[in-house]
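Inside the fold
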Amino acid sequence: MSPRIIHLIKKEFIQVMRDPRMLFIIFAAPVIQLIVLGYVATTEVKNLSFAVYDQDNSFHSRQIVEKFKGAGSFDVRYSISSYGQLRKLLDAGSARVALVVGRGFDKKIKRGETAPIQAIFDGSDANSAVVSSGYIASIMQDFSTSILDGRLAKKGIDMEWFGSLSNKARFWFNEELKSSNFMVPGVVGAILLIQIMTLSALGVVKEKEYGTLEQLIVTPIRPHELLIGKMTPYIIIAYVEVIFATLIAVFWFHVPFRGNPLLFLLLCGMFLMPTLGMGLFISLVSRTQYQAFLTSYLVSLPSIMLSGFIFPIENMPKVIQAFTHLLPLRYLVTVLRGIFLKGIGIQYLWKDVWPLLILGGLIFVLSVTRFEKKIS
Amino acid sequence: MKSRIITLSKKEFIHIFRDPRTIGVVVFIPIFLLFLFGYALTIDVKHLSTALIDNSRTNISRQFISKFSNSGYFDIRYRPENVSQVKALMDSGKIHLAIIIPEDFSKKILSGNHAEMQTIYDGVNSNTASIARSYVDAITAEFFREKLKGMLEKRGLDELIKHDILKYDPRFWFNPTLESMNFLVPGLICVILTILSALLTSMTIVSEREKGTIEKLIVSPVKTYELILGKLIPYIFIAFFDILLVIAIGNLWFGVAIKGNLLLLFALSFVFLFSSLGIGLIISTIARSGQEAYIIALLVSMLPSILLSGFHFPIASMPLVLRGISLIVPARYYLVIIRGIFMKGIGFQYLWPSTLALLIFGTALVLLSTWRFKRKID
């Protein structure tokens, strides 16, 4: 490496380091993103505000209401006595679910007839409604079983005589089924894309705006030297962010890291090629930072949405699934989860690594040659 | 003075639309998001790739298996011989789950013993895994209930379960078919407005300051508030254009209807824009470069309005600290308003607390940023 490049890299570093506030923002941002996402991103439903309309007020109706009070997913806050009240609570959003136990509930159970029970959900949050409806159905199931148990006992029959069937479920790679284990490795990839691509694009365009890039171009520095000088700080920032994010993932969220750390760093580096390449490309087509921001936004939003980071790719329509193969982030997300959670090696990761290599290399080479052509 | 604001806004408009990229962000992104959420992004779990090991190979086990394959949730694609083959399938990501039926399965069911099956899930996507497990449990329970019914009948005890004990009747008010677009369309309006108002405005102001064009305006007789208004008015127009665009596509393409009052929706959207533009202004007074403005806007506006507003993840389920933070996220209040008007058709008597919160935030933010703006350019 020529001493010119080293001087250039040094200069770039001094420039970045001179601005401690910027540095702080650069490193605080991924930490905050990671922590918020790690805690928030779950479809589990807890503390759902719950209203009970018990028209029957009998032994069995109270028994079933008790079951809801005992379940952690519901926060039984209101006991109401009319549909009008119920409507108001749901309109105002103070209650999300209401259980309606109709008159004659107790009598019907005692007679062996089917006893209806109604749950009314605030469907304006469809996700919570579906999940909590599942919880309620399983509470109902338990209740039915205990009623049957009681009926058999009256006849002197033990339910155990009929045996049972149970499902022993095991979750590989994520034994406790924590959502943060799923989300956090993906966030590492998303942060790399959002931060590094946009920052590098904005950085280069800023110099264009200030005219400092032209000053460098008229010096004897060669285009590729200039490029290396400009990109090195971002590569280092990216690595510091990745390591930071990984440490938080492992020590704060206790996400298992089962794979090979070196392979992990190597593959993150591979992802930096298309990311910095795109950053460069954006800086080529933008005159102002505002334009650079718009362009990187137009690139990063679809990338993140379609990468499988939150929404599984296999659920997407076939056409869109095919399109996701063009997104480097898609491969990185799979690779990151594989290394973090599955601890798998290159033999399984290879099918995601080679497209990343080819795509990344292609984007990188294209932008770099265009960049060099432009400045020389 | 009025004409000065209008002139400034005109200049800004020309400025904005000279660049086709803006049209991309203003027109393409909302449409893209709508169609993406409408067609591509779903956490529904169906056709899970399943491996099956049936060590029992009896009529009963086959009956049991057919319950899985007929459910539509499970596609039995692999029939591995043993668990180590399951491991390889799971490592390579080919299956979501494996169902293992032990050799003595049928014998135990028939003899009234405790039968146990085993399921192994790829836990990487915890959401998919837990939903898959609940499907398996439901199918298993139903299968056993049928068996139990048969056994009770044999003993002449069928009057005990002649009728189902409970009939669970779930009703989903405001969205009876649980069509996800019904609640995503209003949510997307909220996200798009946040992006437009906070990100775009802060970026445009900071970008101009860096280029020095703002200084040129400052030495002119234009007053600070005129300058700010002139900058913001075009974005308010763009925001309303986007609201209309999303409503129109939502309605005409996805059939999402607005149950409430459209005028109220516009009025309260304006109140939200007020606070959301306030955030954009504050950011522009804090950030010194485009890079800074971008990251700060991402952190204080984009991230909270998507993650902490209740757009996708329910606020009630969050840890206490984040629930507390969500109280100062304007999008949270706007989401209550816009879903309320869209889906519930409720009026101002239910929406005033959220409106008041937005007004307070908006006023505080705008006052603070005007003050900071003045100090900065003086």
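Residues numbered from 1 in each chain as written. Chains lettered and ligands numbered in written order. Predicted model: local features only at pLDDT ≥ 70, side-chain atom pairs only at ≥ 80, totals over all residues. Heavy atoms only, no water.

1. Description of the domain arrangement of chain B
Examined at the domain level, chain B breaks down into domain 1 (2-41 + 179-377) and domain 2 (48-162). Its C-alpha centre places domain 1 of chain B at a distance of 50 Å from the equivalent point of domain 2 of chain B. (Domains from an automatic or database assignment.)

2. Some details on the interface of chain B and chain A
Each partner contributes residues to the interface: chain B has 117 residues there, and chain A has 119 residues. Carbon and sulfur atoms supply 65% of the area that chain B and chain A bury against each other, a total of about 10900 Å² over both sides. For the pair chain B and chain A, the interface holds 3 salt bridges. Asp122 of chain A serves as the salt-bridge partner of Lys344 of chain B, at 3.2 Å between the closest nitrogen and oxygen. Taken together, the links from chain B to chain A amount to 43 residue pairs in polar contact (both at pLDDT 80 or more). Here the side of chain B that touches chain A takes 15 residues from helix α6 (residues 126-154) of chain B, the largest share from any one element. Taken together, the residues of the side of chain B that touches chain A sort by class into 67 nonpolar, 27 polar and 23 charged. Two strands pair when backbone bridges link them, and strand β4 (residues 115-122) of chain A and strand β5 (residues 166-173) of chain B are joined in this way by 8 bridges, in the parallel orientation. (Contact = heavy atoms within 4.5 Å. Buried area = accessible area lost by both parts, 1.4 Å probe. Salt bridge = Lys/Arg side-chain N within 4 Å of Asp/Glu carboxyl O. Polar contact = N/O pair within 3.5 Å; in protein donor to acceptor, adjacent residues only side chain to side chain. Helix = DSSP H or I, 4+ residues; strand = E, 2+ residues; numbered from the N terminus. Nonpolar A, V, L, I, M, F, W, Y, C, P; charged D, E, K, R; others polar. Pairing = 2+ DSSP bridges.)

3. Digging into the packing of aromatic side chains
Each aromatic ring pair is summarised here by two numbers: the centre-to-centre distance and the angle between the ring planes. Residues and elements named next belong to chain A. Tallied over the full model, the rule gives 34 aromatic pairs over all chains. Ring centres of Phe27 and Phe244 lie 6.1 Å apart, and the angle between their planes is 35 degrees; on these two criteria the pair is classed as tilted. Placement of Phe27 in helix α2 (residues 20-40) and of Phe244 in helix α9 (residues 223-252) is noted, with a sequence separation of 217 residues between them. On the basis of relative accessible area, Phe27 is assigned to the buried category, the value being 19%. For Phe244, a relative accessible area of 39% gives the class partly exposed. With 6.5 Å between their ring centres and 45 degrees between their planes, Trp252 and Phe253 make a pair best called tilted. Taking relative accessible area as the criterion, Phe253 reaches 5% and is therefore assigned buried. (Phe/Tyr/Trp six-rings, centres within 6.5 Å; stacked < 30°, edge-to-face > 60°. Buried < 20%, exposed > 50% of the residue type's maximum accessible area, 1.4 Å probe, protein only.)

4. Some remarks on the pairing of strand β1 (residues 48-54) of chain B
Residue and element names in this part refer to chain B. Burial analysis of β1 places 7 of its 7 residues in the buried class, the great majority of the element. Of the two faces of β1, the one lined by Leu48, Thr50, Leu52 and Asp54 and the one lined by Ser49, Ala51 and Ile53 are each fully buried. Judged from the 4 bridges that link them, β1 and strand β2 (residues 74-78) form a sheet pairing that is parallel. Bridge pairing in β2 places Ser49 opposite Asp75. On the question of chirality, the crossover connecting β1 to the parallel β2 by way of helix α3 (residues 59-70) is right-handed. Looking at chain direction, β1 and strand β3 (residues 97-101) are connected through 5 bridges and run parallel. Bridge pairing in β3 links Thr50 to Leu97. (Right-handed = clockwise from strand over helix to strand, strands pointing away.)

5. Considering the sheet that holds β2 of chain B
Two modes of strand pairing occur in sheets, parallel and antiparallel, and in both the strands are linked by backbone hydrogen bonds. Strand order in the open sheet made by the 5 strands is β5(A)-β4(B)-β3(B)-β1(B)-β2(B), with mixed pairing throughout. With one partner strand each, in any of the chains shown, β5 (164-172) of chain A together with β2 of chain B form the two edges of the open sheet. Sheet twist, expressed as the average angle between the axes of neighbouring strands with direction ignored, equals 30 degrees. Pairing analysis gives 9 bridges linking β5 of chain A to strand β4 (residues 114-122) of chain B, with the strands arranged parallel. Paired with Ser166 of chain A across the two strands is Glu116 of chain B, which belongs to β4 of chain B. Lying over the sheet, α6 of chain B contacts β5 of chain A together with β1, β2, β3 and β4 of chain B, oriented at roughly 165 degrees with respect to β5 of chain A. (Axes fitted to C-alpha atoms, helices over the stretch in contact; angles between N-to-C directions.)

6. Topic: the pairing of β4 of chain B
The side chains of a regular strand alternate, residue by residue, between the two faces of the sheet. All names here are of chain B. Counting buried residues in β4 gives 7 out of 9 residues, a clear majority hidden from the surface. As paired strands, β3 and β4 are joined by 4 bridges and run antiparallel to one another. Bridge pairing in β4 links Ala98 to Ile120.

7. Points about the sheet that holds β4 of chain A
Read from one edge to the other, the open sheet built from 5 strands follows the order β2(A)-β1(A)-β3(A)-β4(A)-β5(B), with strand pairing classed as mixed. Two strands close off the open sheet at either side, each with one partner strand: β2 (74-79) of chain A together with β5 of chain B. Shown here is a sheet whose adjacent strand axes are inclined to one another by a mean of 25 degrees, direction ignored. Against the sheet, helix α3 (residues 59-70) of chain A touches β1 (48-54), β2, β3 (97-101) and β4 of chain A together with β5 of chain B, its axis set at about 175 degrees to β1 of chain A. The sheet strands contacting helix α4 (residues 83-92) of chain A are β1, β2, β3 and β4 of chain A together with β5 of chain B, and the helix crosses β4 of chain A at an angle near 30 degrees.

8. Here we look at unusual backbone geometry
In the Ramachandran plot, Leu177 of chain A falls in the positive-phi region, its phi being about 60 degrees despite a non-glycine side chain. Along the chain, Leu177 of chain A turns up in the loop between β5 and α7 (179-210). Backbone geometry places Arg57 of chain B, a non-glycine residue, at a positive phi of 45 degrees. Position of Arg57 of chain B relative to the elements: it lies in the loop between β1 and α3.

9. Let's talk about the nonpolar core
The biggest cluster of nonpolar side chains holds 205 residues, and the ones touching the most others in it are Phe293 of chain A together with Leu33, Phe37, Ile189, Tyr294, Tyr334 and Phe342 of chain B. Looking at this core, the element that brings in the most residues is helix α7 (residues 180-211) of chain B, giving 18 residues. When neighbours within four sequence positions are excluded, Tyr294 of chain B is seen to be in contact with Ile194, Thr198, Leu202 and Phe293 of chain A together with Leu199 and Met203 of chain B. One finds Ala129 and Leu177 of chain A together with Phe68 and Ala132 of chain B within the second-largest nonpolar core, a separate group that totals 63 residues. (Core = buried A, V, L, I, M, F, W, Y, C linked by side-chain atoms within 4.5 Å.)

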